[in-house]
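Residues per chain, in single letters:
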Amino acid sequence: MKRSLLHERNERHGGEHMIGASLTERVAVVTGASSGIGAATAQRLVEDGFRVHAVARRADRLSQIAAEIGCVTHVLDVTESAAVMALAEEVGNVDVLVNNAGLGRMDGTLAQGTLDDISRTIDTNVTALMVATMAFLPAMIHRGSGHVVNLGSMAGLYPLPSATYGASKAAVHRFCTNLRLELRGTGVRVTEICPGRVATEFYDVAVTDPQRRAQSKDSGIKEITAYELADTILYAVNVPAHININRIELQPTEQTYGGMSFDAAVTAEDDIA
Ligand code: NDP
């Protein structure tokens with residue numbers, strides 16, 4: 001008896017997850033999809049025809065977004081590696097993984113900070129991103145296609161007065177370049193997105209003191225919107241499969257690199273995202 005293509009594909013990739021999904025439907029996972037860049041990217045991917053799995057901790061925000069855009073939601077903490085591995089098992093084949101979940105802890109300099117600032121930043125921005133990539137990669141390699149999009153930052157490429165956050169994003173930068181080398185010949189693409197200032201809830205999380213938070217949020221310049229950033233991600237995703245967009249750096253026109261400083265009073269209150 002002739003077996004259906006869907007049946008064969010399910011069997012090849014060992015997943016019941018394909019049942020109910022069309023053969024041509026592309027699948028994306030977006031971490032940190034409950035706000036900002038992640039929420040906008042999830043929406044743009046849905047609008048582009050993807051079946052989107054939106055991941056974050058805040059169930060209420062995810063439900064609201066799912067009701068608005070029509071995506072599948074997964075309430076989980078990306079720093080819980082076992083949960084991320086289980087998610088990959090559950091979702092199965094993924095065409096695009098957007099490792100976007102991230103944060104900054106910017107109440108002060110490294111010397112003024114806490115151990116928790118360091119561990120939360122590294123656990124979320126670096127370790128969780130690597131674990132998620134490791135979780136979803138084998139199926140991509142097996143299939144000979146897939147795309148890992150990682151949210152880095154201008155802070156990972158240029159000096160800014162935020163040692164821990166900058167270090168975490170610098171790790172993302174090197175992870176992307178080395179992963180791309182590891183994956184040569186597999187058909188799997190890797191893209192690093194390095195934004196400057198994007199108008200999101202980033203500083204609501206990064207700065208706890210209300211007055212400093214208000215100052216941090218008021219950059220006084222025309223910032224990139226989350227949707228404009230998401231459109232950039234969609235561009236990288238939708239170029240033909242034989243092209244890999246390695247890295248995209250984008251900043252508001254009015255923002256530029258920190259540059260050299262001879263001022264002893266440079267503090268973490270400077271623009272650091
Ligand atoms: P937001 O604070 O708006 O969004 C961060 C997202 O990450 C939220 O959806 C949050 O969801 C999620 N998240 C954080 N920690 C976890 C966790 N442990 N598990 C699951 N989800 C988590 O900020 P942005 O949209 O600005 O940030 C998105 C990415 O862009 C980050 O990696 C950030 O470093 C990067 N970036 C941002 C810039 C900016 O100017 N805004 C500039 C450069 C880079 P929840 O709390 O519900 O779990």
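Refer to the preceding data block for the structure.
As a starting point, this report considers the structure included with it. (Residues numbered from 1 in each chain as written. Predicted model: local features only at pLDDT ≥ 70, side-chain atom pairs only at ≥ 80, totals over all residues.)

## Topic: the overall build of the protein
Regarding its fold elements, the protein presents 9 helices and 9 strands. For the protein, with 273 residues in total, the buried portion stands at 41%. Summarising the internal contacts of the protein: among those between residues at least 6 apart in sequence, 71% fall at separations of at least 24. (Helix = DSSP H or I, 4+ residues; strand = E, 2+ residues; numbered from the N terminus. Buried ≥ 20, exposed ≤ 12 C-beta atoms within 10 Å, placed from the backbone. Contact = placed C-beta atoms within 7 Å.)

## Details of the site of the ligand
Close to the ligand lie 30 residues, the nearest being Gly32, Gly36, Arg57, Arg58 and Gly102. Elements represented by at least two residues in the shell around the ligand include exactly α2 (36–47) and α7 (202–206). Broken down by element, the residue count for the shell around the ligand peaks at 3 residues, all from α2. Split into classes, the residues belonging to the shell around the ligand amount to 12 nonpolar, 12 polar and 6 charged. (Near = placed C-beta within 6 Å. Nonpolar A, V, L, I, M, F, W, Y, C, P; charged D, E, K, R; others polar.)

## Description of the nonpolar core
Ala28, Val30, Ala42 and Ala54 are the most contacted members of the largest nonpolar core, which has 64 residues in total. In terms of residues, this core owes the most to one element, helix α5 (residues 115–143), which gives 8 residues. Aside from chain neighbours lying at most four places away, what touches Ala54 is Val30, Ala33, Ala42, Leu62, Ile65, Ala66, Cys71, Val72 and Thr73. (Core = buried A, V, L, I, M, F, W, Y, C linked by C-beta atoms within 7 Å.)

## A look at the packing of α5 against helix α6 (residues 163–182)
One can describe the packing of α5 onto α6 by two numbers: an axis separation of 9 Å at closest approach and a directional angle of 15°. Overall, the two elements α5 and α6 adopt an arrangement that is roughly parallel. Classified by chirality, the crossing of α6 by α5 is right-handed. Contacts between α5 and α6 involve Asp117, Ile118, Thr121, Ile122, Asn125, Val126, Leu129, Met130 and Thr133 from the former and Thr164, Tyr165, Ser168, Lys169, Ala171, Val172, Phe175 and Leu179 from the latter. Looking at the contact of α5 with α6, its residues break down into 10 nonpolar, 5 polar and 2 charged. (Axes fitted to C-alpha atoms, helices over the stretch in contact; angles between N-to-C directions. Parallel < 35°, antiparallel > 145°, perpendicular 65-115°, else oblique. Left-handed = near helix turned anticlockwise from the far one by under 90°.)

## Some points on the sheet that holds strand β9 (residues 247–250)
The strands making up a sheet associate through backbone hydrogen bonding, with each pair oriented either parallel or antiparallel. Strand order in the open sheet formed by 7 strands is β3-β2-β1-β4-β5-β6-β9, with parallel pairing between adjacent strands. Both outer strands of the open sheet, β3 (72–75) and β9, are each paired with one neighbouring strand and no more. For this sheet the average axis-to-axis angle between neighbouring strands, irrespective of direction, equals 15°. Here strand β1 (residues 27–31) runs beside strand β4 (residues 96–99); their pairing, made up of 3 bridges, is parallel. Paired with Ala28 across the bridge in β4 is Val96. Of the strands in this sheet, β5 (146–151) and β6 (188–195) touch α6, which is tilted by about 160° from β6. (Pairing = 2+ DSSP bridges.)

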